[in-house]
Amino acid sequence: MLEKYRSDIYACHRCGLCRAKYSDEVRYVCPIREHTGGFEYSFARGRIQIAKGILENRLPYSGSLVDVIYKCLLCGNCRELCGKKDPVTGTWIIDHTAIFKAIREDIVSLGLMPHVHKKIDSSIKKHYELYKEPHVN
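Quick caveat, the model's predicted, so the values are computed rather than measured.

**Student:** Quick question: what am I supposed to make of the pattern of salt bridges here?
**Tutor:** Side chains that differ in sign of charge can pair as their charged atoms come close. Applying the stated criterion across every chain, the model contains 5 salt bridges. Between Arg-45 and Glu-40 there is a salt bridge, with its nearest N and O atoms 2.8 Å apart. Given a relative accessible area of 13%, Arg-45 falls into the buried group. With relative accessibility at 29%, the residue Glu-40 sits in the partly exposed group. One salt bridge in this structure joins Arg-58 and Glu-56, with 2.6 Å as the shortest N-O distance.

See below:
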């Protein structure tokens, strides 16, 4: 699924607008960045580099990579402030949330989703709902 977004991934020039923090306006871009150590993988620019590593077969899917990808809230704020827009149409060139959703789809297809998601998935398959209660018709 990630392959579909190859051009979006390579369009990122790592400008940093997706990680900007404006102290004069108290405007934050990524809520995850604000509540983590601010490491590169904590915001869109770093996760896009992860996607590039996956596409180039330099970075395998692993438990720690899955944790990083699932920390993203998919709020889309990074896309809203991204400077990569088509100058004619004004539309975004990089669809960050679509990229991160595609990585998650690949993770699920490989059976590597986080443990809590596996529990929810099995509960839904068995009981048709989240709370492990029998399905009532």
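Now that the structure is up, let's keep going.
**Student:** Hey, could you run me through the confidence of the model for the protein in this one?
**Tutor:** Summing up the model confidence of the protein, the mean pLDDT is 84 and the portion of residues at 70 or higher is 87%. Averaged over each element, pLDDT in the protein is lowest for strand 1 (residues 21–22) (61) and highest for helix 1 (residues 6–11) (95).

**Student:** Sorry, what's going on with the environment of Cys-72 here?
**Tutor:** As for its position among the elements, Cys-72 is in the loop between helix 4 (63–71) and helix 5 (77–81). By relative accessible area, Cys-72 is classed as buried at 9%. Counting along the chain gives 41 residues from Cys-72 to Pro-31, while the straight-line C-alpha distance between them is 8.8 Å. Setting aside anything within four residues of it in sequence, one finds Cys-72 in contact with Ile-32, Arg-47, Phe-100 and Arg-104.

Cut-offs used in this document
- Residues numbered from 1 in each chain as written.
- Predicted model: local features only at pLDDT ≥ 70, side-chain atom pairs only at ≥ 80, totals over all residues.
- Heavy atoms only, no water.
- Salt bridge = Lys/Arg side-chain N within 4 Å of Asp/Glu carboxyl O.
- Buried < 20%, exposed > 50% of the residue type's maximum accessible area, 1.4 Å probe, protein only.
- pLDDT = per-residue confidence, 0-100.
- Helix = DSSP H or I, 4+ residues; strand = E, 2+ residues; numbered from the N terminus.
- Contact = heavy atoms within 4.5 Å.

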